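# Overview (structure and organization)
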Amino acid sequence: MGSYILTPNDPQFGVQWGLEQMSDADIDAEDAWDITTGNSNVIVGILDSGTDWTHEDLGLGTDGYQNVYLNPGEDAWTNPNDPTTGNGIDDDGNGFVDDWKGWDFHNGDNDSRGPFWHGTHVAGVVGAKTNNNTGIAGIAGGNNGVGARLMLEGVGDNFPNGAILDDAIIYAMDNGADIIQLSLTVGSSPAINTALQNAYNAGVFIVCAAGNSGGGAISYPASNVNVFSVGATTNTDAKAGFSQFGPNLDLAAPGVGIRSTQNGNVYANSDGTSFAAPAVSGVAALMLSVDPTLSNQEIEDILKCTGQDNPVEALLKYSLSTPSSILEQFFLLILTYTQLGLKSLYSGFSWVNIPSSSFRTQISGLRYIVPEDGSVPSSAAVSRIYRSEVSAATTA
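Please read all numbers here as calculations on a predicted model, not as lab measurements. (Residues numbered from 1 in each chain as written. Predicted model: local features only at pLDDT ≥ 70, side-chain atom pairs only at ≥ 80, totals over all residues. Heavy atoms only, no water.)

When helices and strands are tallied, the protein shows 9 helices and 13 strands. Total accessible area on the protein is roughly 14,900 Å²; 50% of this is exposed by carbon and sulfur atoms. (Helix = DSSP H or I, 4+ residues; strand = E, 2+ residues; numbered from the N terminus. Areas by Shrake-Rupley, 256 points an atom, 1.4 Å probe, with all protein chains shown as cover.)

Turning next to the sheet that holds strand β4 (residues 179-182). Strand order in the open sheet made by the 7 strands is β2-β3-β1-β4-β5-β6-β7, with parallel pairing throughout. The open sheet has two edge strands with one neighbour each: β2 (103-104) and β7 (251-254). Pairing of β4 with strand β5 (residues 205-209), which is carried by 4 bridges, proceeds in the parallel orientation. Looking across to β5, one finds that Q181 is bridged to V207. (Pairing = 2+ DSSP bridges.)

Okay, the packing of helix α2 (residues 118-127) against helix α5 (residues 273-290) next. One way to put it is that α2 packs onto α5 with a least axis distance of 8 Å and a crossing angle of 35°. Remark: the crossing between α2 and α5 carries right-handed chirality. Judged by residue contacts, H118, H121, V122, V125 and V126 of α2 engage S274, F275, P278, A279, S281 and G282 from α5. Per-class residue counts for the contact of α2 with α5 are 6 nonpolar, 5 polar and no charged. (Axes fitted to C-alpha atoms, helices over the stretch in contact; angles between N-to-C directions. Left-handed = near helix turned anticlockwise from the far one by under 90°. Contact = heavy atoms within 4.5 Å. Nonpolar A, V, L, I, M, F, W, Y, C, P; charged D, E, K, R; others polar.)

This brings us to the packing of aromatic side chains. Counted under the stated rule, the structure contains 10 aromatic pairs. Ring centres of F96 and F105 lie 5.5 Å apart, and the angle between their planes is 65°; on these two criteria the pair is classed as edge-to-face. In this pair, the class of F96 matches that of F105, namely buried. One aromatic cluster is present, formed by F96, W103, F105 and Y171 through successive ring pairs. Lying over the aromatic face of Y65, K129 brings its terminal NZ or CZ to 4.8 Å of the ring centre. (Phe/Tyr/Trp six-rings, centres within 6.5 Å; stacked < 30°, edge-to-face > 60°. Buried < 20%, exposed > 50% of the residue type's maximum accessible area, 1.4 Å probe, protein only. Lys NZ or Arg CZ within 6 Å of the ring centre and 35° of its normal.)

This part is about the pairing of strand β6 (residues 228-233). Counting buried positions along β6 gives 6 out of 6 residues, so the element sits mostly inside the fold. Here β6 shows no split at all, with F228, V230 and A232 on one side and S229, G231 and T233 on the other all buried. Pairing of β5 with β6 involves 3 bridges; the strand directions are parallel. The residue of β6 that forms the bridge with V207 is F228. Of the strand pairs in this sheet, β6 and β7 are connected by 4 bridges, and their pairing is parallel.

A cis amide bond links Y220 to the next residue, P221, at an omega of 10°. Locating P221 in the fold gives a position in the loop between β5 and β6. Phi at D98 is positive, roughly 60°, even though this residue is not glycine. Classification of D98 by relative accessible area gives buried; the value is 6%.

Another point: helix α3 (residues 162-174). Across its 13 residues, α3 extends 19 Å between first and last C-alpha, which sits within 8% of the 18 Å expected from 1.5 Å per residue. Every buried residue belonging to α3 is among I164, L165, D166, A168, I169, Y171 and A172, and all of these are buried. The opening residue of α3 is N161, an N-cap whose side-chain oxygen sits 3.0 Å from the backbone nitrogen of A163. Backbone geometry just downstream of α3 places G176 in the positive-phi region, at approximately 100°. (Expected span 1.5 Å × (residues − 1). Polar contact = N/O pair within 3.5 Å; in protein donor to acceptor, adjacent residues only side chain to side chain.)

Tracing the chain through its elements places G231 in strand β6. In this structure, the C-alpha to C-alpha distance between G231 and L249, residues 18 residues apart in sequence, is 7.1 Å. What G231 contacts, discounting residues up to four positions off in sequence, is A210, S243, Q244, L249, L251, A252, A253, T273 and A276.

What follows concerns the side chain of N71. Position of N71 relative to the elements: it lies in the loop between β1 (43-48) and β2. Take N71: its relative accessible area is 6%, and that puts it in the buried class. Reaching out from N71, the side chain makes a polar contact with the side chain of D92 at a distance of 2.8 Å. N71 has contacts with D92, N94, D99 and W100, leaving out every residue within four places of it along the chain.

Here we come to the packing of α3 against helix α4 (residues 190-201). Two elements in contact, α3 and α4, have axes whose closest approach is 8 Å; the angle formed by their N-to-C orientations is 15°. Considering the angle they form, α3 stands roughly parallel to α4. Judged by the sense of rotation from one axis to the other, the crossing of α3 with α4 is left-handed. For the pair α3 and α4, contact is made by G162, L165, D166, I169, I170 and M173 and by A191, I192, A195, L196, N198 and A199, respectively. Considering only residue class, the contact of α3 with α4 consists of 9 nonpolar, 2 polar and 1 charged. (Parallel < 35°, antiparallel > 145°, perpendicular 65-115°, else oblique.)

So, in structure tokens, the structure goes:
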């Protein structure tokens, strides 16, 4: 079966190696965009140094639309580029006056921009407007129309302020964020731990950069049990020298020479786990765009089980429909592994070295891998594989 693959017209897409490159050390974003480019119902909270929501590739540009989340409970500002032109009323009663474009928790006002470009860079990786003939392509940035929307929160102008981070996490949770993106490290605190726990329990998927000290343990809050931690890789698919790794690291993503948006309609490259983590948030946003019912645990399991070769397309093919039985779940999982070129699925299971040619049948809208001999696995074996023992898989 053929496919139509979106190659965006964003002028700088060609230097975004982390999205697509010949040596395949990327996330194969073009394949994912054949399935979805991001849904405006998905909201990603960017808790960072502030984000330039006037940037042409994030906010309103000449293309006439934006990926910045606008609080529907607040009256619009008279001047959409001036936070002081709100009506001075907390219209939605959430405790924050005129928070139409987010909130700056560090400075205590409704201007969620900031002087440091870091937050704008992070936001662009997740949701810069895609295929709009401007700048770069965001992972969940839409297709010349609104993609996943960015809820912008300032948590420290030049350095993250741990004293207010818990409040920012709770704000994102209370105001409808599906994903919280953190590219920061702070000291551990009970208040932050409680906020992370509450957000996770409320169904918010939380992603955080592992840190850049190059050490063998990841930083906080990436190390929190409720957070999905992300390290950085290079364009040769090697561990970035600065990236923190450790036994509780969940995933690594491109994090060196990452082109993105910066303050004042600027585009530039930067290195860091700070720019690897938003790649994962962007992929999670694509997954939720396809299936908004995915739980945090399901998102985590899918990312881990299919992330060995950065298979964004495989993640989404898995999520395309809700399996009605454990056998259908198994078939969809096999599809994911076949797309990755993984040969040996599980050492304790008889189906190994399943050829790609087996990908040949479509039933009830679901794409199945059907073994050539037509055999059916036991439900016990299916359950073992589906519940994550697929980590024993080896690459072809």
